[in-house]
Amino acid sequence: MLSKIAITPGEPGGIGPDITIQVAQLEWDAQLIIIADKSMMLDRAKTLNLPLILVDFDDTKPSVQHVPGQLFIIDVSMAEPAKAGQLNEANGRYVVETLTVASQGNLDDVYDAIVTGPVQKGIINQAGIPFSGHTEFFAGHSNTSDVVMLLATDGLRVALVTTHIPLQYVSKAITPERLHKVISILHSELQVKFGIKNPAIFVCGLNPHAGEGGHLGREEIEVIEPTLDVLRAEGINLIGPLPADTLFQEKYLQDADAVLAMYHDQGLPVLKYKGFGNAVNITLGLPYIRTSVDHGTALDLAGTGNADIGSMKVAITHAIKMAKEKLTRAPK
Ligand SMILES: NC(=O)c1ccc[n+]([C@@H]2O[C@H](COP(=O)([O-])OP(=O)(O)OC[C@H]3O[C@@H](n4cnc5c(N)ncnc54)[C@H](O)[C@@H]3O)[C@@H](O)[C@H]2O)c1
Ligand SMILES: N[C@H](C(=O)O)[C@H](O)COP(=O)(O)O
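Residues numbered from 1 in each chain as written. Chains lettered and ligands numbered in written order. Predicted model: local features only at pLDDT ≥ 70, side-chain atom pairs only at ≥ 80, totals over all residues. Heavy atoms only, no water.

Looking up the chain in an unreviewed UniProt entry gives the name 4-hydroxythreonine-4-phosphate dehydrogenase, with the organism given as Psychrosphaera saromensis. Quoted straight from UniProt, the Subcellular location (unreviewed entry) entry for the chain says "Cytoplasm". (UniProt positions renumbered as here; feature names shortened; annotations may be inferred.)

A.B. asks: Which residues make up the site of ligand 2, and what values go with them?
C.D. replies: Surveying the vicinity of ligand 2 reveals 13 residues, the closest of which are Lys121, His134, Thr135, Lys272 and Arg290. Interatomic distance of 2.5 Å between a side-chain N/O atom of Thr135 and an oxygen atom of ligand 2. Within the contact set of ligand 2, an oxygen atom lies 2.8 Å away from a side-chain nitrogen or oxygen of Lys272. For ligand 2, whose free accessible area comes to 350 Å², the fraction covered by protein is 90%. Only helix H5 (134–141) and helix H11 (264–275) provide two or more residues apiece to the shell around ligand 2. Partitioning the shell around ligand 2 into residue classes produces 2 nonpolar, 6 polar and 5 charged. Split by domain, the residues of the shell around ligand 2 number at least three in each of domain 1 (1–144 + 286–331) and domain 2 (150–276). (Near = heavy atom within 4 Å. Polar contact = N/O pair within 3.5 Å; in protein donor to acceptor, adjacent residues only side chain to side chain. Areas by Shrake-Rupley, 256 points an atom, 1.4 Å probe, with all protein chains shown as cover. Helix = DSSP H or I, 4+ residues; strand = E, 2+ residues; numbered from the N terminus. Nonpolar A, V, L, I, M, F, W, Y, C, P; charged D, E, K, R; others polar. Domains from an automatic or database assignment.)

A.B. asks: Tell me about the site of ligand 1, and name the residues and values.
C.D. replies: The immediate surroundings of ligand 1 are formed by 17 residues, with Lys121, Gly296, Ala298, Asp300 and Asp308 found nearest. The side chain of Lys121 places a nitrogen or oxygen atom 2.8 Å from an oxygen atom of ligand 1. In this structure, an oxygen atom belonging to ligand 1 sits 2.6 Å away from a main-chain N or O atom of Gly296. Protein contact buries 65% of the 810 Å² of open area that ligand 1 shows by itself. Classifying every residue of the shell around ligand 1 gives 8 nonpolar, 6 polar and 3 charged.

A.B. asks: If you had to explain the packing of helix H3 (residues 92–107) against H5 to someone new, which residues and values would you point to?
C.D. replies: At their nearest, the axes of H3 and H5 sit 10 Å apart, and the two run at 50 degrees to each other. Taken together, the axis directions place H3 and H5 in an arrangement best described as oblique. When you trace H3 past H5, the crossing you get is right-handed. From H3, Val96, Leu99, Thr100, Ser103, Gln104 and Leu107 reach across to H5, where they touch His134, Phe137, Phe138 and His141. (Axes fitted to C-alpha atoms, helices over the stretch in contact; angles between N-to-C directions. Parallel < 35°, antiparallel > 145°, perpendicular 65-115°, else oblique. Left-handed = near helix turned anticlockwise from the far one by under 90°. Contact = heavy atoms within 4.5 Å.)

A.B. asks: I'd like to hear about the sheet that holds strand S11 (residues 280–284), residue by residue, with values.
C.D. replies: Taken in spatial order, the 12 strands of this open sheet run S3-S4-S2-S1-S5-S12-S11-S6-S7-S10-S8-S9, and their pairing is mixed. The open sheet has two edge strands with one neighbour each: strand S3 (53–56) and strand S9 (237–242). Direction aside, the axes of adjacent strands within the sheet are offset by 30 degrees on average. The pairing of strand S1 (residues 4–8) with strand S5 (residues 113–116) spans 4 bridges and is classified as parallel. Looking at the pairing, Ala6 lines up with Ile114 of S5. The sheet strands contacting helix H7 (residues 176–194) are strand S6 (148–153), strand S7 (156–160), strand S8 (200–204), S9, strand S10 (258–261) and S11, and the helix crosses S10 at an angle near 160 degrees. (Pairing = 2+ DSSP bridges.)

If you want it as structure tokens, here you go:
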């Protein structure tokens, strides 16, 4: 059976609508359903000079193969018309509404996966809605206490212990409980979603040189090492904590199924240096499949036709692959 993939193009002033329209021109072995404002999508297609036919989605009908240039749509209205390249806090609520519809649809088994385009976290907060990222939003909406952000590109997967929090709170957020949950989710999702029997997870330290024996910080000694020992006793294959500045070299990476970084900008710059435009962001631990692009709203490129669609292609490809595997395992 063909999978139904829900796509949220994200911030209407950014490149999310552009890359959604651009990938709609390609062949896909799935049905693509966008959750977005219809007029905004048609306007953007006109700006980009690309064909776009939008068909109202009927969830009672069986899935149909994607036709290039055509998308199914669940129309969610924006408060005000969008201008490519410009943010408008009046539309913050709209962006969150599209995510809510997507999450609920997946919980209700209407779709088989969600692919998200980029959102501008700041403008959603300016609209009065506390929002730190899709990862945290979907965890909250689906009532999932713990999820893990993983970004993957060819030859490297990086997962994070902490996600979108200010740097000053990182150390306190790395508790034995959090570390135990993140590693357990990462281990089991590498098995389930990536088919790796006994995944090797390489773990970064938090401090310079992994704390230098306690002289440059004690989190490794007091939290990370003891927790890794507990998890090793549970049978999880863990290497580290290793100094983060030297972990990302072939000698280690050739044996690593994933690297676990302690915070956002410890792991993601390396991943994005290696694979920006060719990477996917996957939320592990959710009750549904969710993938996303590796980039942001790129307001400077919105409406120009110059946005690279590489990551959007990878995000959709991964979602379809994971959805197919899920459908094969447990047909609806
Ligand atoms: N998945 C997401 O929702 C997501 C991911 C990352 C950042 N963001 C958000 O995006 C906003 C802007 O963030 P930023 O400026 O740090 O990052 P950005 O990725 O939007 O832009 C960084 C640079 O990369 C370029 N770039 C980004 N995507 C590109 C593409 N597809 N093709 C060609 N060039 C591209 C931009 O032009 C810019 O020069 C922030 O609010 C951030 O939170 C959202
Ligand atoms: N941390 C992500 C990145 O740098 O690509 C990005 O902010 C998106 O995160 P969410 O998927 O949680 O919105």
